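# Analysis of the macromolecular model
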Amino acid sequence: MIEGLLNIIINYNNFIYWYICLLLIAFFTIVTGITNFLWLKKIPTKKNIPKSKLVSILIPARNEADVIESTIKSIINQSYQNYELIILDDNSSDTTESIIQKHAKSNPKIELINGLSLPEGWLGKNWACHQLSEKAEGEYILFIDADTNLDKFILEDSVIALQKEKIDLLSLVPGRDTKLIADHAMKKIISWFIVCWLPMKLAIKLNAPFLSATFGQFMLFKKSSFNDIGGFEAIKDNPVDDFQLGRNIKKNLFKWMLYDAAFRITTRTYNTNKDLISGYSKNIFPAVGYSISIFFVIFLILISFVLGSTIPIILFALGILQNQQLILLCISLLILLFISWGIVTIRFKYSIFTPFSFPLLISLILLLALRSFIDNVFYSSTWKGRSYRTDKKKLKI
């Protein structure tokens, strides 16, 4: 039986069929990439003044002393001034609270609140954001991270777009200010998935919740729509809160929109490699809905991209593999993936060496994804001093 199974696996025709599947998927990433390159709009820059609705800007902060002040200053300098800024200090052990308090004393628009104890069943950030949403008085509410810096006109432009297009949730693709080599690589990988894997036009037209990508660095809601989907209370134990909020908006037939603002808002991500591993380990597996089958299908495709576009060429160069048809398929896959990564490189102005490094980039996400799967299924994740264990009831086949 084992011998028969091995014969099936190494059967040459099976390699051909699998390569054809990989070529079709790679071609899909190119078509999606080109479509998104043309269609994924930058947030429009408008001269007209929006209807002046109060925007509640809500920031959860836990040990953010090194970044929170620049974030506050970028909000104070906004051209759109009809806002309230509420910042929750989530039991920080550094000087986060005193920095916020300093600005709150000198600016009546800024309010500091201290987070309550974490209830059972809640994740830390979700509980903090829930408390913030309960305090918000605005008709619109904007959640941003404590390490996000905003362009002077981004709030005004976003409010105009939300009003003009009758959007219920407007999110922006941020730029990432990276200090780590691995984090810089992940920035490129995230860009590749957004541009070449998510057909934006289709995502807007179809109310398929899985066809969405929402960024927690900038989520502008109509407050009524946010409340209608249950807010953070409906996702109190979900670590990928931004993705799930976007999916809930679509699931309830509200309008979701994503704009590119990579050169207008920036976020600081991870300071250490340990933080990077912890952060992505916490989020990657939950991002596919805790589905084991979806996880391994994507994992298999990605590892096949890496191995299928490199190993045959290496074996041919060493004189071990002589099958020209297999080499041709390998080169074809390599070219298609090179084009796919080239689209992302041009769109986000990455280094010209980015397409050449895609096997290493994909290998990085594979390692982090595997760690995420193991932590979520068998162990637990730790983030900012708190331990998170996945409820096994969430796991899906």
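The sections below set out a description of the structure shown in this document. (Residues numbered from 1 in each chain as written. Predicted model: local features only at pLDDT ≥ 70, side-chain atom pairs only at ≥ 80, totals over all residues. Heavy atoms only, no water.)

## Here we look at the overall build of the protein
Looking only at helices and strands, the protein features 15 helices and 10 strands. What you see for the protein is a C-alpha radius of gyration of 23 Å, in line with the 21 Å of a compact globule of 397 residues. Seen through its principal axes, the protein has C-alpha atoms that stretch 75 × 45 × 40 Å. Every one of the 397 residues in the protein was classed for burial, and the buried ones make up 54%. (Helix = DSSP H or I, 4+ residues; strand = E, 2+ residues; numbered from the N terminus. Rg over C-alpha atoms; globule rule 2.2 N^0.38 Å. Buried < 20%, exposed > 50% of the residue type's maximum accessible area, 1.4 Å probe, protein only.)

## Structural notes on the sheet that holds strand β1 (residues 55-61)
The sheet built from eight strands is open, its strands ordered β3-β2-β1-β4-β7-β6-β8-β5 with mixed pairing. With one partner strand each, in any of the chains shown, β3 (110-114) and β5 (148-150) form the two edges of the open sheet. The average angle at which neighbouring strand axes cross in this sheet is 30°, direction not considered. Bridge count for strand β4 (residues 140-143) against strand β7 (residues 219-222) is four bridges, and the pairing is antiparallel. Across the sheet, residue Tyr140 finds its bridge partner in β7, namely Lys222. Lying over the sheet, helix α10 (residues 241-251) contacts β6 (169-177), β7 and β8 (256-268), oriented at roughly 30° with respect to β7. (Pairing = 2+ DSSP bridges. Axes fitted to C-alpha atoms, helices over the stretch in contact; angles between N-to-C directions. Contact = heavy atoms within 4.5 Å.)

## Section: the side chain of Thr29
Tracing the backbone shows Thr29 in helix α2 (residues 12-39). By relative accessible area, which is 0% here, Thr29 ends up buried.

## Some points on the side chain of Ser191
In this structure, Ser191 sits in helix α7 (residues 181-197). The class for Ser191 is buried, based on a relative accessible area of 8%. Excluding residues that lie within four positions of it along the chain, Ser191 makes contacts with Cys196, Val344, Phe348 and Tyr350.

## With respect to the pairing of β7
The side chains of a regular strand alternate between the sheet's two faces. Bridging between β6 and β7 involves three bridges; their strand directions are antiparallel. Bridging across to β7, Leu169 finds its partner in Phe221.

## Observations concerning the packing of α7 against helix α14 (residues 324-348)
When two helices pack together, their arrangement is given by the angle between their axes and by how far apart the axes lie. The N-to-C vectors of α7 and α14 enclose an angle of 105°; their axes lie 9 Å apart at closest approach. The pairing of α7 with α14 is recorded here as roughly perpendicular in orientation. When α7 is examined against α14, the residues Lys188, Ile189, Ser191, Trp192, Val195 and Cys196 are found in contact with a partner set consisting of Ser340, Trp341, Ile343, Val344 and Phe348. Here the contact of α7 with α14 is composed, by residue class, of eight nonpolar, two polar and one charged. (Parallel < 35°, antiparallel > 145°, perpendicular 65-115°, else oblique. Nonpolar A, V, L, I, M, F, W, Y, C, P; charged D, E, K, R; others polar.)

## Overview of the packing of α14 against helix α15 (residues 358-378)
Contact geometry for α14 and α15: axes closest at 11 Å, N-to-C directions at 80°. Relative to α15, α14 is oriented roughly perpendicular. Facing Leu334, Leu337, Phe338 and Trp341 of α14, the residues of α15 in contact are Phe358, Leu361 and Ile362. A breakdown of the residues in the contact of α14 with α15 according to their chemical character gives seven nonpolar, no polar and no charged.

## Considerations on the pattern of salt bridges
Evaluated as defined, the whole model comprises nine salt bridges. Arg268 is the salt-bridge partner of Asp66, the closest N and O atoms lying 3.5 Å from each other. Placement of Asp66 in the loop between β1 and α3 (68-76) and of Arg268 in strand β8 is noted, with a sequence separation of 202 residues between them. Several salt bridges share partner residues, and in doing so they unite Lys125, Asp145 and Asp241 into one network. (Salt bridge = Lys/Arg side-chain N within 4 Å of Asp/Glu carboxyl O.)

## Focus on a positive patch on the surface
Side chains of Lys41, Lys164, Lys201 and Lys205 sit close together on the surface and give a patch of like positive charge. Within the element layout of this structure, Lys164 appears in helix α6 (residues 154-164). (Patch = residues over 30% accessible without salt bridge, like charges linked within 9 Å, V, L, I, M, F, W, Y side chains within 5 Å. Areas by Shrake-Rupley, 256 points an atom, 1.4 Å probe, with all protein chains shown as cover. Lys, Arg positive; Asp, Glu negative; His and termini not counted. Charge placed at Lys NZ, Arg CZ, Asp CG, Glu CD.)

## Topic: unusual backbone geometry
A negative phi angle is the norm for most residues apart from glycine, just as the trans form is the norm for most peptide bonds. Phi at Leu253 is positive, roughly 65°, even though this residue is not glycine. Of the residues examined, Leu253 reaches a relative accessible area of 63% and is grouped as exposed. Of note in this structure, Tyr290 is not a glycine but carries a positive phi near 60°. Mapped onto the secondary structure, Tyr290 falls in the loop between α11 (273-287) and α12 (292-308).

## Things to note about the pairing of β4
Alternating residues of β4 divide into Tyr140 and Leu142 and Ile141 and Phe143, and every residue in both groups is buried. Bridge analysis of β1 against β4 gives four bridges, and the strand direction is parallel. Its bridge partner being in β4, Val55 is matched across the sheet by Tyr140.

## Some thoughts on the packing of aromatic side chains
Any two aromatic rings considered together are summarised by their centre-to-centre distance and by the angle between their planes. Using the criterion set out here, one finds 23 aromatic pairs in the structure. Between the aromatic rings of Phe285 and Phe295, the centroid separation amounts to 5.6 Å while the plane-to-plane angle is 85°, which identifies the pairing as edge-to-face. Separated by 10 residues along the polypeptide, Phe285 in helix α11 and Phe295 in helix α12 bring together distant segments of the chain. Take Phe295: its relative accessible area is 4%, and that puts it in the buried class. Aromatic pair Phe285 and Phe373: ring centres 5.3 Å apart, planes at 85°, arrangement edge-to-face. Taken together, the positions of Phe285 in helix α11 and Phe373 in helix α15 put the pair 88 residues apart, joining distant regions of the chain. Note on accessibility: Phe285 and Phe373 belong to one class, buried. Taken together through their ring pairs, the aromatic side chains of Phe285, Tyr290, Phe295, Phe296, Phe299, Phe373 and Phe378 make up a single cluster. Between the NZ or CZ atom of Arg347 and the centre of the ring of Phe37, over which it lies, the distance is 5.9 Å. The ring of Phe263 has Lys349 sitting right over it, with the charged end atom 5.3 Å from the ring centre. (Phe/Tyr/Trp six-rings, centres within 6.5 Å; stacked < 30°, edge-to-face > 60°. Lys NZ or Arg CZ within 6 Å of the ring centre and 35° of its normal.)

Everything listed here is a matter of geometry and, on its own, says nothing about what the molecule does.
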